[in-house]
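One-letter residues, chain by chain:
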Amino acid sequence: MAKPPPPTATTSPSDPPLPKPSRPLGLLSSSARSLLAAARRSPVTTLVVAFFLLALFMYGEDVRTIAELSIDDYLYPDADLYNVSGLPPLVLPPPTCDLSDGRWVFDNVSLPAYREKECTFLTKQVTCLANGRPDDTWQYWRWQPNECSLPTFDARRFMETMRGKRLMFVGDSLNRNQWESLVCLVQPILSKGRKKIVKRGSLTIFHAKEYRATIEFYWAPFLVESNSDNPKIHSIEHRIIRPDRIEGHAKYWKDVDYLIFNTYIWWMNTADMKVRRPDSRFWSQHDEVPRIEAYGRVFKTWSEWLNNNIDPARTSVFFMTISPLHISPKNWGNPEGIRCVKETLPYQNYSQPLDLYHDMRMFDLVVKVASSMDKVPVTVINITRMSDYRKDAHTSLYSIRQGKLLTPKQKADPEKFADCIHWCLPGVPDVWNQILYTRILLKSSWHSNSAPPPLQSLPPPQ
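As recorded in an unreviewed UniProt entry, the chain goes by Protein trichome birefringence-like 28 and comes from Panicum miliaceum. Recorded under Subcellular location (unreviewed entry), the UniProt text for the chain is reproduced unchanged: "Golgi apparatus membrane". The UniProt entry for the chain carries the following text under Sequence similarities (unreviewed entry): "Belongs to the PC-esterase family. TBL subfamily."

Written out as structure tokens, the structure reads:
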């Protein structure tokens, strides 16, 4: 089995580096010098040394990361247990409440949940203010369900639930958008120097060291294997999938406590999907089948893998529904508009759904598959309707293209360059995570032990 490429690691630039004990790395250096001395005396030893040095070169960052995490275990204590007994009762909505049915309420008192400049783990793709966006009102809208209330995201309570656990987003860049949001929601409570991002191929891991927890993102835009699986080079004109092959990705999903999947936007380039033939040797050997047929085949493979490999007593599975693309301004009453450019307010006609041309057959298929899974339950989190209203919250012209900010010439061509898929942060994905947080707490064994904190349900505000 091929080993993953070596990781790269980043820490928050604002965090002062902690002193790193040099003993483990010193031992490695000492071992290397001893082997080199022995190599001068024996050809066999020379060969062994060559393999050792090659491994050290290829996986040196792995060794350093493991050493750092191990050293942390000895030098620094875990976070204190969060004493919830002294807190007000945890208020959760009843499981029957439709959290997707509601409205956006302006709130510049409790929002944003964090400040863009204070979350140094954000990528330039989503830092709209730093990228020159002149307004900031998109940050101040709170989602209010019609029939109940959402609890405020409590990072300490959430990380207590996450203690010793793994949470992984699996899917495309919109799930990465949500992953970045969750990292920013929890990182303020983590000690300086004890939070770190490690990248290894398709997997990006945020370590919350004092909780021995990770929040991870795994790049798999179609869930199954495809010719677009390179996390850095995937701008491919002809996307081809293998709907019967998932193990190449899924082997990384095992032993995860919370799995959050999505896949939609990468399917929308064409009405038909290119599907590689089962016994073919090359990607060029493929057929074209209707999109919904290919989607169904992928979810058959996905659901079978879950049923055969996931222990529902340990792992909770969630699926995020369609995140909208706002490119039809005439549909929200702005016929002179260009995509989502210069939109500064949500669509607020809640009596009339906003038609954004989603392929709702795919939405319905996900719901049908999830509802049929008795062995491994899948919780579908419907973010579609609430996100449809947020034409104002995309990165638009305040993002990057091929790693660089848009040039004045590119900004002058918004029809081509405005990004109306991804979301500014802080922003809409924070609400998605607020709902995910709610669902996780509802499922958590923390509330089924012998002395759980009392649960209450509040009626919706009048």
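Further notes follow.
## A few points about the environment of E343
Here E343 lies in the loop between β14 (316–320) and α7 (360–372). With a relative accessible area of 8%, E343 lands in the buried category. Sequence separation of E343 and S396 is 53 residues, and the distance between their C-alpha atoms is 9.2 Å. Residues in contact with E343, not counting those within four places in the same chain, are R133, W332, N334, K391 and D392.

## Some remarks on the side chain of D229
Mapped onto the secondary structure, D229 falls in the loop between β9 (225–226) and β10 (240–242). Buried within the structure, D229 lacks any salt-bridge partner; its nearest side chain of opposite charge belongs to R242, at an N-O separation of 8.8 Å. For D229, the side chain forms a polar contact with the main-chain nitrogen of S226, separated by 2.8 Å. Within the structure, D229 has its side chain in polar contact with the side chain of H249 (distance 3.0 Å). Residues within four places of D229 in sequence aside, it is in contact with S202, W219, P221, V224 and H249.

## As for the environment of G102
The residue G102 is located in strand β3 (residues 102–106) in this model. Taking relative accessible area as the criterion, G102 reaches 7% and is therefore assigned buried. Sequence-wise, G102 and C148 are 46 residues apart; in three dimensions their C-alpha atoms are separated by 9.3 Å. Residues within four places of G102 in sequence aside, it is in contact with W143, Q144, P145, N146 and Y350.

## So, the pattern of salt bridges
Going through the model one piece at a time under the given rule, you end up with 17 salt bridges. Across the pair D154 and R157 runs a salt bridge whose closest N-O atoms are separated by 3.9 Å. In this structure R157 comes out as buried when scored by relative accessible area, which is 5%. Across the salt bridge formed by R314 and D255, the nearest N and O atoms sit 3.8 Å from each other. Taken as a pair, R314 in the loop between α6 (291–309) and β14 and D255 in the loop between α5 (247–250) and β11 (258–261) lie far apart in primary sequence, 59 residues in all. With relative accessibility at 53%, the residue D255 sits in the exposed group.

## What to know about the state of the cysteines
Considering all chains together, one arrives at four disulfides under this definition. Each disulfide pairs two cysteine sulfurs, and for C97 the partner residue is C148, the sulfurs being separated by 2.0 Å. The chirality of the disulfide connecting C97 with C148 is left-handed, given an S-S dihedral of about -85°. Residue C97 is located in the loop between β2 (90–91) and β3, and its partner C148 is located in the loop between β4 (141–145) and α3 (155–162); the two are separated by 51 residues in the primary sequence. C148 sits in the buried class, given a relative accessible area of 0%. Here C119 pairs with C184 through a disulfide, and the sulfurs are 2.0 Å apart. On the S-S bond that ties C119 to C184, the torsion sits near -85°, and the link is left-handed. Taken together, the residues C119 in the loop between β3 and β4 and C184 in helix α4 (residues 173–186) connect sequence positions 65 residues apart. Residues C119 and C184 agree in their burial class; the two are buried. What connects to what in the chain, once the bonded cysteines are numbered by sequence position, is 1-4, 2-5, 3-8, 6-7.

## Re the packing of aromatic side chains
The full count for this structure, using the stated rule, is 23 aromatic pairs. Relative to F158, the ring of F153 lies with its centre 5.4 Å away and its plane at 45°, an arrangement referred to as tilted. Here F153 matches F158 in class, with each residue buried. Cation over ring: R242 sits above W283, and NZ or CZ is 5.9 Å from the ring centre. The lysine or arginine in question, R276, covers the ring of W283, its NZ or CZ lying 4.7 Å from the ring centre.

## So, the packing of α4 against helix α11 (residues 428–443)
Orientation of α4 relative to α11, taken along the N-to-C sense of each, is 75°, at an axis distance of 9 Å. Judged by the angle between their axes, α4 and α11 are roughly perpendicular. Facing α4, whose interface residues are L174, N177, Q178, S181, L182 and L185, α11 presents P429, D430, W432, N433 and L436.

Definitions and limits used
Residues numbered from 1 in each chain as written. Predicted model: local features only at pLDDT ≥ 70, side-chain atom pairs only at ≥ 80, totals over all residues. Heavy atoms only, no water. UniProt positions renumbered as here; feature names shortened; annotations may be inferred. Helix = DSSP H or I, 4+ residues; strand = E, 2+ residues; numbered from the N terminus. Buried < 20%, exposed > 50% of the residue type's maximum accessible area, 1.4 Å probe, protein only. Contact = heavy atoms within 4.5 Å. Lys, Arg positive; Asp, Glu negative; His and termini not counted. Salt bridge = Lys/Arg side-chain N within 4 Å of Asp/Glu carboxyl O. Polar contact = N/O pair within 3.5 Å; in protein donor to acceptor, adjacent residues only side chain to side chain. Disulfide = S-S within 2.5 Å. Phe/Tyr/Trp six-rings, centres within 6.5 Å; stacked < 30°, edge-to-face > 60°. Lys NZ or Arg CZ within 6 Å of the ring centre and 35° of its normal. Axes fitted to C-alpha atoms, helices over the stretch in contact; angles between N-to-C directions. Parallel < 35°, antiparallel > 145°, perpendicular 65-115°, else oblique.

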